[in-house]
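Take a look at the letters that make up each chain.
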Amino acid sequence: EVQLVESGGGLVQAGGSLRLSCAASGFTFDDYAIGWFRQAPGKEREGVSCISRSDGRVDYADSVKGRFTVSTDNAKNTVYLQMNSLKPEDTAVYYCAAASAPICYYDMEYWGKGALVTVSS
């Protein structure tokens, strides 16, 4: 069974840091594009980052570039999202998603249940 489980969410003050984890199971991790998405209250879901399997490149949304960093532990089938210099506008439910495709897209095949990140001012 394909499963994605996020962890590491919580409450943090503006300027602080959090690290989210996404533990994947039930599929070949290295063959899937892995993305982080987020959905803020009243807004559409948006992409945060994506590991493209076509070339292994990690892309970031402009809004988080320079502040967020993705890393992976392939042996553990886990991807991390290190979030630094957090801003109140980063407040959202963060989702890990995967697809058997070389790149990420909006309707990914598999989704975690989400992790809430709340950034206070």
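Conventions adopted
- Residues numbered from 1 in each chain as written.
- Predicted model: local features only at pLDDT ≥ 70, side-chain atom pairs only at ≥ 80, totals over all residues.
- Heavy atoms only, no water.
- Core = buried A, V, L, I, M, F, W, Y, C linked by side-chain atoms within 4.5 Å.
- Buried < 20%, exposed > 50% of the residue type's maximum accessible area, 1.4 Å probe, protein only.
- Helix = DSSP H or I, 4+ residues; strand = E, 2+ residues; numbered from the N terminus.
- Disulfide = S-S within 2.5 Å.
- Phe/Tyr/Trp six-rings, centres within 6.5 Å; stacked < 30°, edge-to-face > 60°.

1. Remarks on the nonpolar core
Counting 29 residues, the largest nonpolar core has I34, W36, V79, L81, M83 and Y94 as the members making the most contacts within it. Broken down by secondary-structure element, the contributors of at least two residues to this core are strand 3 (18–25), strand 4 (33–39), strand 5 (46–51), strand 7 (68–73), strand 8 (78–83), strand 9 (92–99) and strand 11 (115–120). Within the second largest apolar cluster, eight residues are counted, among which are C50, A97, A99 and C104.

2. A look at the state of the cysteines
Applying the stated criterion across every chain, the model contains two disulfides. The side chain of C22 participates in a disulfide bridge whose partner is C96; the two sulfur atoms lie 2.0 Å from each other. Measuring handedness by torsion sign, the sulfur bridge of C22 and C96 sits at about -75 degrees and is left-handed. Of this pair, C22 sits in strand 3 while C96 sits in strand 9; the two residues are 74 residues apart in sequence, bridging distant segments of the chain.

3. Examining the packing of aromatic side chains
This structure, assessed with the given rule, holds five aromatic pairs. Here the aromatic rings of Y32 and Y110 are separated by 6.2 Å at their centres, their planes lie at 45 degrees, and the arrangement is tilted. Remark: Y110 occurs in strand 10 (residues 110–111) and Y32 occurs in the loop between strand 3 and strand 4; sequence separation between them is 78 residues. A ring pair is formed by Y95 and W111, whose centres lie 6.2 Å apart and whose planes are at 80 degrees; its orientation type is edge-to-face. One end of the pair, Y95, is in strand 9; the other, W111, is in strand 10, with 16 residues separating them in the sequence.

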